[in-house]
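Listed below are the residues making up each chain.
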Amino acid sequence: MGIPLIILGIILGLSLFYMIIERAVRDGINNSVIGHYFDEKQGIKEPDGDEELIDDTFKGE
């Protein structure tokens, strides 16, 4: 009975660790000088919330 709890704890721990690291990296890139440079160069803008997030570039093909 101890092994399933250990496995569950490992899975939950790794999931939490992944979410923390992913968020820190994303925030770090978005707040960096290079991140701002690429945003300006590529014309990337933040979605307003109600905006469709699916890219329909190849919709006609």
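Residues numbered from 1 in each chain as written. Predicted model: local features only at pLDDT ≥ 70, side-chain atom pairs only at ≥ 80, totals over all residues. Heavy atoms only, no water.

Participant: An account of the overall build of the protein chain is needed here, citing residue identities and associated values.
Facilitator: Counting its regular elements, the protein chain contains two helices and zero strands. Here the protein chain, with 61 residues, has 2% of them falling under the buried criterion. Carbon together with sulfur atoms contributes 65% to the accessible area of the protein chain, which is approximately 6,100 Å² in total. (Helix = DSSP H or I, 4+ residues; strand = E, 2+ residues; numbered from the N terminus. Buried < 20%, exposed > 50% of the residue type's maximum accessible area, 1.4 Å probe, protein only. Areas by Shrake-Rupley, 256 points an atom, 1.4 Å probe, with all protein chains shown as cover.)

Participant: Talk me through the pattern of salt bridges; I want residue IDs and the actual numbers.
Facilitator: What the rule picks out here adds up to two salt bridges. A salt bridge links Arg 26 to Glu 22; its shortest N-O distance comes to 2.2 Å. In this pair, Arg 26 and Glu 22 are both assigned in helix 1 (residues 2–31), four residues apart and thus about one turn of the helix distant. Since its relative accessible area comes to 42%, Arg 26 is described here as partly exposed. The exposure class assigned to Glu 22 is partly exposed, which follows from its relative accessible area of 28%. (Salt bridge = Lys/Arg side-chain N within 4 Å of Asp/Glu carboxyl O.)

Participant: Describe a nonpolar patch on the surface, naming the residues involved and giving the relevant values.
Facilitator: Side chains of Leu 16, Phe 17, Tyr 18, Met 19, Ile 20, Ile 21, Val 25 and Ile 29 sit close together on the surface and give an oily, nonpolar patch of about 840 Å² of accessible area. By secondary structure assignment, the location of Leu 16 is in helix 1. (Patch = residues over 30% accessible without salt bridge, like charges linked within 9 Å, V, L, I, M, F, W, Y side chains within 5 Å.)

Participant: Quick rundown of helix 2 (residues 33–42)? Include the residues and the values.
Facilitator: In an α-helix, one full turn covers 3.6 residues, which means residues spaced three or four apart are oriented alike. Little of helix 2 sits out of view: just one of its 10 residues are buried. Following helix 2 by one or two positions, Gly 43 adopts a phi angle in the positive range, close to 75 degrees.

Keep in mind that these numbers describe shape and distance, not what the molecule does.
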